[in-house]
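For reference, the chains in residue letters:
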Amino acid sequence: MFKIGDKVVYPMHGAGTIVAIEDREILGKKHEYYVLLLPINKLKVMIPVKKADEVGVRKIMEISEMEEVLEILSSEEKFKMPTNWNRRYRFNLDKIKSGNLIEIAGVIKSLEKLDSKKSLSTGERKILNEARIIIISEMALVFDKDVDEVVSMVDEAIFG
């Protein structure tokens, strides 16, 4: 169980700090929730404590692990993706849902590269933006920097 002040990742939403643990009554039953404050847009998200493991809530990465993510973003390595738009969309969405930042970094790198060659579809642009939010929010907490600084770090890694 997490406690107030813990920095955690909520897959598909990004990383944040647990600012409260609250009881809420829903349909006559009391449930305990983590209240997570995300650094991007100062969004508050409530996560049922009982479902935290099931949905993949985890502690944020260590600095050394996050530096590996930055290396992937700056590498020239090519990540294989399906060429068919629909398959590529599902492929990338699955990687994002995994919550694995190494996989998500590969999605960002691949979609940014594809975007430089031809404009991304609306769906792929949305996936790219979601992937960036996930990485940037966790990086901001890991490196203890504000979001704008982290956006610059990520852009520098990707575009040089």
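Since this is a predicted model, take the numbers as computed values, not measurements. (Residues numbered from 1 in each chain as written. Predicted model: local features only at pLDDT ≥ 70, side-chain atom pairs only at ≥ 80, totals over all residues. Heavy atoms only, no water.)

J.: Account for the domain arrangement of the protein chain, naming residues and giving values.
T.: Each assigned domain of the protein chain is listed here: domain 1 (6-59) and domain 2 (63-159). Taken over C-alpha atoms, the centre of domain 1 sits 23 Å from the centre of domain 2. The interface of domain 1 with domain 2 comprises twelve residues on the first partner and 13 residues on the second. Both sides together, the interface formed by domain 1 and domain 2 hides about 1,100 Å², and carbon and sulfur atoms give 72% of it. Contact with domain 2 buries surface across domain 1, with Met12, Pro39 and Ile40 losing the most and accounting together for 50% of the total. (Domains from an automatic or database assignment. Contact = heavy atoms within 4.5 Å. Buried area = accessible area lost by both parts, 1.4 Å probe.)

J.: Provide a residue-level description of a negative patch on the surface, including the pertinent values.
T.: Taken together, the side chains of Glu62, Glu65, Glu67, Glu68 and Glu71 present a region of like negative charge at the surface. Turning to its location among the elements, Glu71 is positioned in helix 2 (residues 63-74). Taking relative accessible area as the criterion, Glu71 reaches 53% and is therefore assigned exposed. (Patch = residues over 30% accessible without salt bridge, like charges linked within 9 Å, V, L, I, M, F, W, Y side chains within 5 Å. Areas by Shrake-Rupley, 256 points an atom, 1.4 Å probe, with all protein chains shown as cover. Salt bridge = Lys/Arg side-chain N within 4 Å of Asp/Glu carboxyl O. Lys, Arg positive; Asp, Glu negative; His and termini not counted. Charge placed at Lys NZ, Arg CZ, Asp CG, Glu CD. Helix = DSSP H or I, 4+ residues; strand = E, 2+ residues; numbered from the N terminus. Buried < 20%, exposed > 50% of the residue type's maximum accessible area, 1.4 Å probe, protein only.)

J.: Explain the confidence of the model for the protein chain to me, and be specific about the residues and the numbers.
T.: Of the residues in the protein chain, 100% reach a pLDDT of 70 or more, and the chain-wide mean stands at 91. Mean pLDDT across the elements of the protein chain bottoms out in helix 3 (residues 85-98) (89) and peaks in strand 3 (residues 29-37) (95). (pLDDT = per-residue confidence, 0-100.)

J.: Tell me about the layout of surface pockets, and name the residues and values.
T.: As a volume, the largest pocket reaches approximately 300 Å³. Every residue along the wall of the largest pocket is listed here: Glu77, Lys78, Phe79, Met81, Pro82, Thr83, Arg88, Lys109, Ser110, Lys113, Leu114 and Lys117. Counted by class, the lining of the largest pocket contains four nonpolar, two polar and six charged residues. As a volume, the second largest pocket reaches approximately 190 Å³. As for the second largest pocket, its lining consists of Met12, His13, Gly14, Leu38, Ile40, Asn41, Leu43, Glu130, Ile133, Ile134 and Ser137. Tallying contributions element by element places helix 5 (residues 122-143) first for the lining of the second largest pocket, with four residues. A class-by-class count of the residues in the lining of the second largest pocket yields six nonpolar, four polar and one charged. (1 Å grid on protein atoms, 1.4 Å probe; cavity = no way out; pocket = protein on both sides within 12 Å on 5 of 7 lines; lining within 4 Å. Points joined across faces, edges and corners; volume = space filled by probe spheres on them. Nonpolar A, V, L, I, M, F, W, Y, C, P; charged D, E, K, R; others polar.)

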